[in-house]
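# Summary of the model geometry
Take a look at the letters that make up each chain.
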Amino acid sequence: MKHVISVLMENAPGALSRVVGLFSARGYNIETLTVAPTEDSTLSRLTLVTMGSDDVIEQITKHLNRLIDVIKVVDLTEGAHLERELMLIKVRAVGKEREEMKRMADIFRGRIIDVTDKAYTIELTGNQEKVQAFIDALDRSAILETVRTGVSGIGRGERILKL
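Residues numbered from 1 in each chain as written. Predicted model: local features only at pLDDT ≥ 70, side-chain atom pairs only at ≥ 80, totals over all residues. Heavy atoms only, no water.

In this model helix 2 (residues 54-66) runs 19 Å from its N-terminal to its C-terminal C-alpha over 13 residues, within 8% of the 18 Å that 1.5 Å per residue would give. Buried within helix 2 we find Ile57, Ile60, Thr61, His63 and Leu64. For helix 2, the angular spread of the buried residues around the axis is 165°, confining them to a single face. Among the exposed residues of helix 2, those oriented more than 90 degrees off its buried face are Asp55 and Arg66. Looking at the buried side of helix 2, the elements it contacts are strand 1 (2-10), helix 1 (15-25), strand 3 (43-51) and strand 4 (70-75). (Helix = DSSP H or I, 4+ residues; strand = E, 2+ residues; numbered from the N terminus. Expected span 1.5 Å × (residues − 1). Buried < 20%, exposed > 50% of the residue type's maximum accessible area, 1.4 Å probe, protein only. Arc of directions from axis to C-beta. Contact = heavy atoms within 4.5 Å.)

It is characteristic of soluble globular proteins that their nonpolar side chains tend to be buried jointly. With 16 residues, the main nonpolar core has Met87, Ile89, Val91, Ile122, Phe134 and Leu138 as its most contacted residues. Mapped onto this core, the elements with two or more residues apiece are strand 5 (81-92), helix 3 (97-107), strand 7 (119-126) and helix 4 (128-137). Discounting chain neighbours no more than four positions away, the residues touching Met87 are Ile122, Glu123, Leu124, Val131, Phe134, Ile135, Thr146, Val147 and Arg148. (Core = buried A, V, L, I, M, F, W, Y, C linked by side-chain atoms within 4.5 Å.)

For helix 3, every residue scored as buried is listed here: Met101, Met104 and Ala105. What you see down the axis of helix 3 is that its buried residues fit within an arc of 100°, all on one side. Away from the buried face of helix 3 by more than 90 degrees, exposed residues Glu99 and Ile107 are located. At its buried positions, helix 3 is contacted by strand 5, strand 6 (111-115), strand 7 and helix 4. In the segment just after helix 3, Arg109 is the residue with positive phi, at about 55°.

The next subject is a nonpolar patch on the surface. On the surface, a nonpolar cluster with roughly 240 Å² of combined accessible area is contributed by Leu16, Val20, Leu33 and Val35. With respect to the helices and strands, the residue Leu33 is situated in strand 2 (residues 32-37). For Leu33, a relative accessible area of 30% corresponds to the partly exposed category. (Patch = residues over 30% accessible without salt bridge, like charges linked within 9 Å, V, L, I, M, F, W, Y side chains within 5 Å. Areas by Shrake-Rupley, 256 points an atom, 1.4 Å probe, with all protein chains shown as cover. Salt bridge = Lys/Arg side-chain N within 4 Å of Asp/Glu carboxyl O.)

Turning our attention to the packing of aromatic side chains. The tally for this structure, following the rule as stated, stands at 2 aromatic pairs. Relative to Tyr28, the ring of Phe23 lies with its centre 6.1 Å away and its plane at 75°, an arrangement referred to as edge-to-face. For Phe23, a relative accessible area of 1% puts it in the buried group. On the accessibility criterion, Tyr28 (21% relative accessible area) is partly exposed. On the basis of an interplanar angle of 80° and a centroid distance of 5.1 Å, the ring pair of Phe108 and Phe134 is categorised as edge-to-face. Pair noted here: Phe108 is in the loop between helix 3 and strand 6 and Phe134 is in helix 4, with a separation of 26 residues, a long-range link. Taken individually, Phe108 and Phe134 each receive the classification buried, so the pair is uniform in this respect. (Phe/Tyr/Trp six-rings, centres within 6.5 Å; stacked < 30°, edge-to-face > 60°.)

Next up on the list: the environment of Gly110. By secondary structure assignment, the location of Gly110 is in the loop between helix 3 and strand 6. Residue Gly110 is classed as buried on the basis of its relative accessible area of 13%. For the pair formed by Gly110 and Leu124, sequence separation is 14 residues and the distance between their alpha carbons is 4.5 Å. Not counting chain neighbours up to four residues away, the residues in contact with Gly110 comprise Ala105, Ile122, Glu123 and Leu124.

All told, the structure shown has 11 salt bridges when counted by the stated rule. Residue Lys2 is joined to Glu83 by a salt bridge in which the shortest nitrogen-to-oxygen separation is 3.1 Å. In this pair, Lys2 is assigned in strand 1 and Glu83 in strand 5, connecting sequence segments 81 residues apart. A residue is classified by how much of its surface remains accessible, and Lys2, at 23% relative accessible area, is partly exposed. Close ionic contact of Lys102 with Asp106 constitutes a salt bridge, the shortest N to O distance being 3.4 Å. Placement of both Lys102 and Asp106 in helix 3 is noted, with a separation of 4 residues, approximately one turn of the helix. On the basis of relative accessible area, Lys102 is assigned to the partly exposed category, the value being 37%.

Structure below.
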């Protein structure tokens, strides 16, 4: 089962490598990983997606909590939460393909953010399923380049990850 784990940690050199090293040392895979400073520049929020049973996720959470740089760990999938991913995708857009690519971007509520005579760059945000559905809807030969941020997540309502 997919789990979205959010970690509040010190914004210090080596903190991210210790988290990633923990996963690597124990043979756990990280599907996506995003990390950035919070409103407090001394803290970073790391959001990662991993797969595993509830027992495996419990072990991961316990190991993460033991790391010195980690302040708090929350499995967002245990409750109501929101997820978003950003994708930038460059697609071939020549001749009649131009209108088709514009129509596809509109259907998925994407935005064309760069236009050349041969390509469009489209910005698309949504959950992982929406982003993947957009890719699947395109002809593979039309895709020139794809960049995805990975999942960012936050608990709904009063559920927060803060000191």
